[in-house]
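Chains, contacts and geometry: an overview
So the chains spell out like this:
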Amino acid sequence: MSTETKEETFTLEEILTSLKTIHRLILWNDDVNTFDHVIHCMMKYLDYSESQAEKIAWEVHNKGKCAVLEGSFTEMEVYRKILQQEGLTVSVD
């Protein structure tokens, strides 16, 4: 009776990502979306107050990006897809 072993290979990035338990949703500055649209999306989808959403919009405008949410990779991917459908530029870190 022989036993077959299957070898799997992973990249360093895949290994490090799997070890990371907290991921961040990053909102990036772009030349397309208005302040009002960004504020609206932050309030509607991420449940921010108007003043919190406005602070986020200003940070994105001034610094180029802002971490808007933290959680599991799966959760961040769901929100990334929603916000991308709204035309926002977002990524998961």
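Notes on the structure follow. As the structure is a prediction and not an experimental result, all values here were calculated from the model.

1. Focus on the overall build of the chain
- Of regular secondary structure, the chain possesses 4 helices and 3 strands.
- The C-alpha atoms of the chain give 18 Å as radius of gyration, which overshoots the globular expectation for 93 residues (12 Å, by more than 25%).
- Per-residue burial for the chain yields a buried fraction of 26% across its 93 residues.
- In the chain, once contacts between residues fewer than 6 apart in sequence are set aside, the share between residues at least 24 apart is 68%.
- A total of about 7000 Å² of accessible surface is found on the chain, and carbon and sulfur atoms cover 51% of it.
- Mean positive and mean negative side-chain charge positions of the chain (9 and 17 charges, respectively) differ by 2 Å.

2. As for the nonpolar core
- Judged by nonpolar contacts, the single largest core of 17 residues is most densely connected at Leu 27, Met 42, Ile 56, Val 68, Leu 83 and Leu 88.
- With 5 residues, the top contributor of residues to this core is helix H2 (residues 35-46).
- Apart from residues no more than four positions distant in its own chain, Leu 83 is found in contact with Leu 25, Cys 41, Met 42, Tyr 45, Leu 46, Leu 88 and Val 90.

3. A few points about helix H4 (residues 73-85)
- Between its first and last C-alpha atoms H4 spans 18 Å; for 13 residues at 1.5 Å apiece the expected length is 18 Å, and the two agree.
- Against strand S1 (23-28), H2, strand S2 (65-71) and strand S3 (89-92) lie the buried residues of H4.
- Of the residues one or two after H4, Gly 87 is the one with positive phi, at around 95°.

4. Regarding the layout of surface pockets
- Taken as a whole, the largest pocket holds about 170 Å³ of empty space.
- Along the wall of the largest pocket there are 13 residues; nearest its centre are Asn 29, Asp 30, Asn 33, Val 38 and Val 60.
- Of all the secondary-structure elements, those providing two or more residues to the lining of the largest pocket are S1, H2 and helix H3 (50-63).
- A total of 3 residues in the lining of the largest pocket trace back to one element, the largest contributor, which is H3.
- Here the lining of the largest pocket is composed, by residue class, of 7 nonpolar, 5 polar and 1 charged.

5. Quick notes on the packing of aromatic side chains
- Taken as a whole and assessed by the stated rule, the structure comprises 1 aromatic pair.
- Measuring from centroid to centroid gives 4.8 Å for Phe 35 and Trp 58, while their planes differ by 55°, and the two rings are tilted. You can see Phe 35 sitting in helix H2 and its partner Trp 58 sitting in helix H3, a full 23 residues away along the chain.

6. Describing the pairing of S1
- Where S1 lies against S2, 6 bridges are found, and the strand directions are antiparallel. Opposite His 23, over in S2, you have Gly 71 as the bridge partner.
- Pairing of S1 with S3, which is carried by 4 bridges, proceeds in the antiparallel orientation. The residue bridging Leu 25 from the neighbouring strand is Val 92, located in S3.

About the criteria used
Note on numbering: residues in each chain are counted from 1, in written sequence order. Only residues with pLDDT of 70 or above have their local features reported here, since the model is predicted, and side-chain atom pairs are shown and tallied only from 80 upward, although totals for entire chains, interfaces and linings are computed over all residues. Derived side-chain values reflect all non-hydrogen atoms in the structure, with water molecules and hydrogen atoms excluded from consideration. Starting at the N terminus, helices and strands are each numbered in turn, a helix being any DSSP run of H or I of at least four residues and a strand any DSSP run of E of at least two. Only C-alpha atoms enter the radius of gyration, while the globule expectation follows 2.2 Å times N to the 0.38, with N the number of residues. Note on exposure labels: buried denotes an accessible area under 20% of the residue type's maximum, exposed denotes more than 50%, and partly exposed covers the range between, all computed with a 1.4 Å probe on protein chains only. In this description, contact between two residues means that some pair of their heavy atoms is separated by no more than 4.5 Å. Method for areas: the Shrake-Rupley scheme with a 1.4 Å probe, in which residue coverage is limited to the protein chains shown. Here the positive residues are Lys and Arg and the negative ones are Asp and Glu; neither His nor the chain ends is included. Positions of charges follow a simple convention, taking NZ of Lys, CZ of Arg, CG of Asp or CD of Glu. For the purposes of this section, nonpolar cores are sets of buried Ala, Val, Leu, Ile, Met, Phe, Trp, Tyr and Cys residues that join through side-chain atoms within 4.5 Å. The length a helix should cover is 1.5 Å for every residue beyond the first. With a 1 Å grid laid over protein atoms only, a set of points is called a cavity when a 1.4 Å probe fits there but cannot get out and a pocket when it is open yet has protein on both sides within 12 Å along at least five of seven lines; lining residues have an atom within 4 Å of a point. Grid points are joined across faces, edges and corners, and a volume is the space filled by probe spheres set on the points. Put simply, Ala, Val, Leu, Ile, Met, Phe, Trp, Tyr, Cys and Pro go in the nonpolar bin, Asp, Glu, Lys and Arg in the charged bin, and everything else, Gly too, in the polar bin. Any Phe, Tyr or Trp ring, taking Trp's six-membered ring, that has another such ring centre within 6.5 Å forms a pair; planes under 30 degrees apart are called stacked, those over 60 apart edge-to-face, and the others tilted. When DSSP locates at least two bridges between a pair of strands, those strands are taken to pair.

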